[in-house]
Amino acid sequence: MQGTQPAISMRDISKSFGRIQANSRVSLDINRGEILALLGENGSGKTTLMNMLSGIYFPDSGHIEIDGKPVTIGSPKDAFTYGIGMIHQHFKLVNVFTATENIVLGLKEPGGYDLAAATKRIEQICQTYGFDVDPNQKVYDMSVSQKQTVEIVKVLYRGAEILILDEPTAVLTPQETDKLFAVLRNMREDGKTVVIITHKLNEVKDISDRVVVLRKGEYVGELITAEASTEEMTNMMVGRQVTLNIDRPDPEMKYRMERIRVRNLTVKTRDGVTKLDDVSFSAYTGEILGIAGISGSGQKELLEAIAGLQPVENGSIEYQVDDDQVEQLIGMDPIKIAGMGVVLSFVPEDRLGMGLVGSMDLTDNMMLRSFRNGPTPFTDRKEPKHLAELVVDELKVETPGVDTEVRRLSGGNVQKVLVGREIAAAPTVLLSAYAVRGLDVNSSYMIYDLLNRQKGNGVAVIYVGEDLDVLLELCDRILVLCGGKVSGIVDGRTTTKNEVGLMMTRLGGGEAQ
Amino acid sequence: MFDLIAFIPRAVAQGIPLLFGSTGEIITEKSGNLNLGIPGVMYVGGICGVIGSFLYERSLADTSQINPALGILIPLLCCILGSLLMGLIYCFLTVTLRANQNVTGLAMTTFGVGFGNFFGGSLMKLTGADIPSISLTATSGLFRTTLPFAGSTGWFGQIFLSYGFLAYVAIIIALGASFVLNRTRVGLQLRAVGEDPATADAAGISITRYKYVATCVGCVIAGLGGLYFVMDYANGVWSNDAFGDRGWLAIALVIFTVWRPSTSIPASILFGGLYILHLFIPTGTDLAVKELYKMLPYVVTIVVLVLTSMRNKRENQPPESLGLPYFREDR
């Protein structure tokens, strides 16, 4: 492989979305006939970078060369003419169509419309690489891994030489992952080039020839997989520890008591994928329990299970009301759970998706918590209005007034409204996920401050965060999730970023199997 | 006694406008557009044909001198033009401006009915006659010309050959639509647009173009139903509101046939039969019973709806994005 010209060279690629720099001056080579792993944390710009190869985004600056010739990739169609096909995390398939129909959709093949011929070709491709898919099966009857296979076959059917897979194993069971990797190796034998975007170190070790690491949108370095150690890769992926100087008052020991006790909690999705596997931990009053983990490791399910929004397969969640009264939360109505003081403030990726109604104003959004109060069917608007004004004042929400529609506010201000409302409910347990997602530094500190104040008031705060640096500085204890399992619980004051990083990527932080 | 030989041709004649309407609506809905303006479009198709042939007949000194080719082409073209315009308005509002499809469709129906009645009334003023209807006997005669052996082959001719050419056109269009939808690349892409526009878009299919073309073609086909009704079924007599609620029946048929134009051929004849059954069943003088019989097509639709939703087969569901506007940046 060495010495030959790379199939694709990306040079000094930069891309920003608004004020967020997704990639800055990234250069990397993709060689023909190799499996390249693109490794990095969430938000490190892996997907963005590859989207520029597949024609979804266009780079702000820098250039792309294919076989040494500079090219412009302006659309997915352009990418296909260069033989580049990308399999995204969200499948683009029509449910009521068969695999064949989906695969030929949008193609202008010479000759008539002949599904039988297309089916034959698909079967041929399947045989060559060892895919297990029935071309005449309807997509709605397929499992997630079968759908993914259809997507891969679709790309191959269009004659792609270079395949990019965006976190392909995120939705697969271990057995399905093995199957996928076997197929990818077959493709490499056939001379195809495969780029796999991932943040799972064991997968990198398992499948790739070479690994390129990105961090915060920048190229960190590359390694030959066979010569690299896991520590080396983790270090490159996580980076040095940064000091942020977030306040961390010591928990008040005299009021300290166990508030939430989770035992052997198992949660499965409707498709039977295990999201949480035998999770046990306790949350205490007056402390912030951080939850670390690569996104999709079960954080959302965990919080929702506690809040009563997620059906539970197995296990127990106990809420200690006081010294001698314990309530079982599983099976309880979410409204009742909220009434006991367990509040959830979840900031999803699109921010508005949960908790606030975009087309309603601040007062009305405050009312979403209080509209059940009072004996009459009429709602009380006065109090929510007061509350809205209070939140605006206290948290310095920038808004023309409390009767402004929430969706007109900027993202950071929307989050302040959401967090402010949840805290105003005077909770005993505050579940907060991604509270600072997309916020600038100042607003973030304001949120940390709020969380700390709640902690001082004796609230059990559970904080799910993305930024390891923040978790390490803010939380008293950190629970690390890895693939739905508890990888360990560490003390926030003594642990290191490396330790947590390793625990995030493999259970217990020990050597990779 | 129940006279089957007389009943079937009547049922077919009743069913043909429904067949045109439902075929048009199926094609439209397969693109994800729920066009509730179909009843209005059928009105407009009918009145435009009437206007065309009215002006043509008036320009002749003697209506028996009518040129058969022009006598058919003029109303046909007027009808196509009128319903095409309706389709374009609907598409412009819902696809380009992304207006709500339900509201737009209902507005189109109200507009179409009003449009028909307004010009119907105007034409009646022009004739100066006392009767509130326009009679276009010569044109209707052309549209009603049956196949040559219809009269001489007994019951066979009566059941199969006794219709004007538009009836056969309706059946050919329905069969053709089924073929295109299920056996061609265009059909596959059209269905993809109605099911999952984001996926179709990613596959390089122009959503806007497919929606416009499908909806306009659908409107033209539905408009022909209006023309058939006036020229053939009603013997060339236009009177306001005579078309009644047949447009809604056509939309009910779309659900009844679970979006299959070829199924719509027998289904629309069945609906046509149910629609006029009360005329053939001796109900005595009790008018209330007659009204009950008139409910039959709707009752059958509800029963079929219940049955199909109980079976819950994915293929029998409406196109997944039916009624939803598509906007690429929404993802």
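Please read these numbers as outputs of a predicted model, since none were measured by experiment.

Procedures and definitions
- Residues numbered from 1 in each chain as written.
- Chains lettered and ligands numbered in written order.
- Predicted model: local features only at pLDDT ≥ 70, side-chain atom pairs only at ≥ 80, totals over all residues.
- Heavy atoms only, no water.
- Helix = DSSP H or I, 4+ residues; strand = E, 2+ residues; numbered from the N terminus.
- Rg over C-alpha atoms; globule rule 2.2 N^0.38 Å.
- Buried < 20%, exposed > 50% of the residue type's maximum accessible area, 1.4 Å probe, protein only.
- Contact = heavy atoms within 4.5 Å.
- Areas by Shrake-Rupley, 256 points an atom, 1.4 Å probe, with all protein chains shown as cover.
- Lys, Arg positive; Asp, Glu negative; His and termini not counted.
- Charge placed at Lys NZ, Arg CZ, Asp CG, Glu CD.
- Domains from an automatic or database assignment.
- Buried area = accessible area lost by both parts, 1.4 Å probe.
- Salt bridge = Lys/Arg side-chain N within 4 Å of Asp/Glu carboxyl O.
- Polar contact = N/O pair within 3.5 Å; in protein donor to acceptor, adjacent residues only side chain to side chain.
- Core = buried A, V, L, I, M, F, W, Y, C linked by side-chain atoms within 4.5 Å.
- Pairing = 2+ DSSP bridges.
- Axes fitted to C-alpha atoms, helices over the stretch in contact; angles between N-to-C directions.
- Parallel < 35°, antiparallel > 145°, perpendicular 65-115°, else oblique.
- Nonpolar A, V, L, I, M, F, W, Y, C, P; charged D, E, K, R; others polar.
- Patch = residues over 30% accessible without salt bridge, like charges linked within 9 Å, V, L, I, M, F, W, Y side chains within 5 Å.

Digging into the overall build of chain A
Looking only at helices and strands, chain A features 16 helices and 20 strands. Compactness check: chain A gives a C-alpha radius of gyration of 25 Å against a globular reference of 24 Å for 513 residues, within 12% of the reference. Once the C-alpha set of chain A is aligned to its principal axes, its extents read approximately 70 × 50 × 45 Å. Counting only residues that meet the buried cut, chain A has 53% of its 513 residues in that class. At a minimum sequence separation of 6, the contacts of chain A that also span at least 24 residues come to 66%. A total of about 22900 Å² of accessible surface is found on chain A, and carbon and sulfur atoms cover 47% of it. For chain A, the centre of its 56 positive side-chain charges and the centre of its 71 negative side-chain charges are spaced 3 Å apart.

Considerations on the domain arrangement of chain A
Residues and elements named next belong to chain A. When the domains of chain A are assigned, the result is domain 1 (8-238), domain 2 (245-343 + 427-513) and domain 3 (358-425). Of note, the centres of domain 2 and domain 3, computed from C-alpha atoms alone, are 26 Å apart. Of the roughly 1100 Å² buried where domain 2 meets domain 3, counting both sides, 70% is carbon and sulfur surface. Sorting the residues of domain 2 by area buried against domain 3 places Val343, Met446 and Leu450 first, and these three jointly supply 35% of that buried surface. Our count for the contact surface shared by domain 2 and domain 3 stands at 1 salt bridge. At the junction of domain 2 with domain 3, the criterion picks out 0 residue pairs in polar contact (both at pLDDT 80 or more). Top element by residues in the side of domain 2 that touches domain 3 is helix H14 (residues 441-456). It accounts for 6 residues.

So, the pattern of salt bridges
Residues and elements named next belong to chain A. Taken as a whole, this structure holds 26 salt bridges over all chains when the rule is applied. Note that Glu167 and Lys46 form a salt bridge whose closest N and O atoms lie 3.8 Å from each other. Of the two residues, Glu167 is situated in the loop between strand E7 (162-166) and helix H6 (174-189) and Lys46 in helix H1 (residues 46-53); the sequence distance between them amounts to 121 residues. Side by side, Glu167 and Lys46 carry an identical accessibility label, which is buried. We note a salt bridge from Lys192 to Glu161, for which the minimum N-O separation is 3.3 Å. Note that Lys192 is positioned in the loop between H6 and strand E8 (193-198) and Glu161 in the loop between helix H5 (144-157) and E7, a separation of 31 residues in sequence. Lys192 sits in the buried class, given a relative accessible area of 10%. You can call Glu161 partly exposed: its relative accessible area is 33%. Shared partners join several salt bridges into a network, and the residues in it are Glu258, Arg261, Arg263 and Glu318.

Remarks on the side chain of Asp361 of chain A
Residues and elements named next belong to chain A. By the secondary structure assignment, Asp361 is in the loop between strand E16 (342-346) and helix H11 (362-370). One buried charged residue, Asp361, remains without a salt bridge, the closest side chain of opposite sign being Arg381 at 4.4 Å. Within the local environment of Asp361, its side chain forms a polar contact with the backbone nitrogen of Asp364, the two atoms lying 2.8 Å apart. Sequence-distant contacts of Asp361, that is, excluding residues within four places in its chain, are made with Arg381, Val402, Asp403, Thr404, Glu405 and Val406.

Some words on the nonpolar core
Membership of the largest hydrophobic core comes to 161 residues, with the highest contact counts inside it found for Phe131, Ile152, Leu184, Met187, Tyr463 and Leu474 of chain A together with Val50 of chain B. Top element by residues in this core is helix H10 (residues 207-233) of chain B. It accounts for 12 residues. Within the second largest apolar cluster, 31 residues are counted, among which are Val279, Leu329, Val342 and Tyr434 of chain A.

Things to note about the sheet that holds strand E9 (residues 210-215) of chain A
Residues and elements named next belong to chain A. Here 6 strands make up an open sheet; going across it, the order is E6-E7-E8-E3-E9-E10 and the pairing mixed. Edge positions in the sheet fall to strand E6 (84-87) and strand E10 (218-224), since each of these pairs with one other strand and no more. Across this sheet, the average inter-strand angle for adjacent strands is 20°, counted without regard to direction. Of the pairings in the sheet, the one linking E6 to E7 comprises 4 bridges and is parallel in character. In the sheet register, Ile84 faces E7, and the bridge partner there is Ile162.

A word on the packing of helix H7 (residues 165-183) of chain B against helix H12 (residues 261-280) of chain B
Residue and element names in this part refer to chain B. Put simply, H7 and H12 touch, their axes get as near as 7 Å, and they point 150° apart. Judged by the inter-axis angle, H7 sits roughly antiparallel to H12. Contacts from Ile171, Ala174, Leu175, Ala177, Ser178 and Leu181 in H7 reach Pro261, Ser262 and Ile265 in H12. Per-class residue counts for the contact of H7 with H12 are 7 nonpolar, 2 polar and no charged.

Digging into the interface of chain B and chain A
Taken together, the 19 residues of chain B in the interface contact 19 residues of chain A. Carbon and sulfur atoms supply 57% of the area buried between chain B and chain A, which totals about 1800 Å² over both sides. Three residues, Arg185, Leu188 and Arg314 of chain B, lead the burial of chain B against chain A; their summed loss comes to 36% of the area buried on that side. The element best represented in the side of chain B that touches chain A is helix H8 (residues 185-195) of chain B, accounting for 6 residues.

Digging into the sheet that holds strand E1 (residues 8-17) of chain A
Residue and element names in this part refer to chain A. If you trace the 4 strands from one edge of the open sheet to the other, you get E2-E1-E4-E5, paired in antiparallel fashion. The sheet terminates laterally at strand E2 (20-30) and strand E5 (69-71), the two strands that pair on one side only. For this sheet, the mean angle separating the axes of adjacent strands, direction not counted, is 30°. Taken together, the 5 bridges between E1 and strand E4 (residues 61-66) define a ladder with antiparallel strand orientation.

What about a nonpolar patch on the surface?
All names here are of chain B. Taken together, the side chains of Leu292, Met295, Val299, Ile302, Val303, Val306, Leu307 and Met310 make up a nonpolar region of the molecular surface, amounting to roughly 750 Å² of accessible area. Looking at the nonpolar patch element by element, the count peaks at 6 residues for helix H14 (residues 296-311). Looking at where Ile302 falls in the secondary structure, it is placed in helix H14.

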